[in-house]
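Take a look at the letters that make up each chain.
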Amino acid sequence: MVVLALCAGCDRGPQRYEVSGRITYDGKEVPAGRIVLTPDHTKGNSGPQGVARVNAGVLKTEPERQVVGGPHWIQLLAYDGVAYEDREGVMPQGRALFPLTQVAVDLPLADAKLDIRVSPGTPEPQVEVVVE
């Protein structure tokens, strides 16, 4: 009874949703990486930051790092997937395919699928995000 009484006052926070999909660079699947999804506070959105891992072009938020809907900034970190060692230690995901890139996107109040296409560009890569 005590546990039930304590949990009755628990705040689970805002509703969170899964983000999944695909990411390519120059027409090829991104071998490894991470996508960080941050609510855009300048547009009135708030909530926890989400993280999606990238493996062989497929991205999916981690269960404990799902996101709220609404306007977000997405940071793209993409690697070639070939581990190497340098003076900072072993880099298991390999070398960056392009510089850290950020793009704005509006996520639905539901699970979402993203199709992220990154093309080489100067001085920054060009990014197209399709939200389903």
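Below or above, wherever it landed, is the structure these notes cover. (Residues numbered from 1 in each chain as written. Predicted model: local features only at pLDDT ≥ 70, side-chain atom pairs only at ≥ 80, totals over all residues. Heavy atoms only, no water.)

1. Some words on the overall build of the chain
- Tallying secondary structure elements over the chain gives 1 helix and 11 strands in all.
- Helices and strands appear in the chain in the N-to-C order α-β-β-β-β-β-β-β-β-β-β-β.
- Referenced to the eigenvectors of the C-alpha coordinate spread, the extents of the chain come out at roughly 55 × 35 × 25 Å.
- Here the analysis covers contacts within the chain between residues at least 6 apart in sequence; of these, 60% occur between residues at least 24 apart.
- Total accessible area on the chain is roughly 8,200 Å²; 52% of this is exposed by carbon and sulfur atoms. (Helix = DSSP H or I, 4+ residues; strand = E, 2+ residues; numbered from the N terminus. Contact = heavy atoms within 4.5 Å. Areas by Shrake-Rupley, 256 points an atom, 1.4 Å probe, with all protein chains shown as cover.)

2. Some thoughts on the side chain of His72
- With respect to the helices and strands, His72 occurs in strand β6 (residues 70-79).
- In this structure the side chain of His72 is engaged in a polar contact, spanning 3.4 Å, whose partner is the backbone oxygen of Val68.
- Those residues within four positions of His72 in sequence are excluded, and the remaining contacts are Leu37, Thr38, Pro39, Asp40, Asn45, Val67, Val103, Ala104, Val105 and Leu107. (Polar contact = N/O pair within 3.5 Å; in protein donor to acceptor, adjacent residues only side chain to side chain.)

3. Some thoughts on the environment of Thr38
- With respect to the helices, strands and loops of the structure, Thr38 is situated in strand β3 (residues 32-39).
- Within the structure, Thr38 has its side chain in polar contact with the side chain of Gln49 (distance 2.8 Å).

4. Here we look at the environment of Gln49
- With respect to the helices and strands, Gln49 occurs in the loop between β3 and β4 (50-55).
- In this structure the C-alpha to C-alpha distance between Gln49 and Pro71, which are 22 residues apart in sequence, comes to 12 Å.
- Not counting residues within four places of it along the chain, the set of residues in contact with Gln49 comprises Val36, Leu37, Thr38, Pro39 and Arg65.

5. Observations concerning the pairing of β6
- Within β6, 7 of the 10 residues are buried, which leaves it mostly tucked inside the rest of the structure.
- Taken together, the 8 bridges between β3 and β6 define a ladder with antiparallel strand orientation. Pairing of Leu37 across the sheet is with Ile74, part of β6.
- Across 7 bridges, β6 lies against strand β9 (residues 101-107) in antiparallel orientation. By the bridge assignment, Ile74 is partnered in β9 with Val103. (Buried < 20%, exposed > 50% of the residue type's maximum accessible area, 1.4 Å probe, protein only. Pairing = 2+ DSSP bridges.)

6. Side note on the environment of Tyr25
- As for its position among the elements, Tyr25 is in strand β1 (residues 19-25).
- In this structure, the C-alpha to C-alpha distance between Tyr25 and Pro120, residues 95 residues apart in sequence, is 7.6 Å.

7. Notes on the pattern of salt bridges
- The tally for this structure, following the rule as stated, stands at 5 salt bridges.
- Salt-bridge contacts for Arg117 lead to Glu128; the nearest nitrogen and oxygen are separated by 3.3 Å. With Arg117 in strand β10 (residues 112-119) and Glu128 in strand β11 (residues 126-131), this residue pair connects regions lying 11 residues apart in the sequence.
- In the salt-bridge network here, residues are joined through shared partners; they are Asp115, Arg117 and Glu128. (Salt bridge = Lys/Arg side-chain N within 4 Å of Asp/Glu carboxyl O.)

8. Comments concerning the side chain of Asn45
- Mapped onto the fold, Asn45 is located in the loop between β3 and β4.
- In this view, Asn45 contacts Pro39, Asp40, Val68, Gly69, Gly70, Pro71 and His72; residues no more than four positions away in its chain are not counted.

9. Structural notes on the packing of aromatic side chains
- Taken as a whole and judged by the stated rule, the model has 1 aromatic pair.
- Aromatic side chains Tyr25 and Phe98 sit 5.1 Å apart centroid to centroid with 45° between the ring planes, which places their arrangement in the tilted category. You can see Tyr25 sitting in strand β1 and its partner Phe98 sitting in the loop between β8 (89-91) and β9, a full 73 residues away along the chain.
- The exposure class assigned to Phe98 is buried, which follows from its relative accessible area of 6%.
- A cation over an aromatic ring shows up here: Arg95 above the ring of Tyr84, its NZ or CZ 3.8 Å from the ring centre. (Phe/Tyr/Trp six-rings, centres within 6.5 Å; stacked < 30°, edge-to-face > 60°. Lys NZ or Arg CZ within 6 Å of the ring centre and 35° of its normal.)

Remember, this is a structural readout, not a statement about activity or role.
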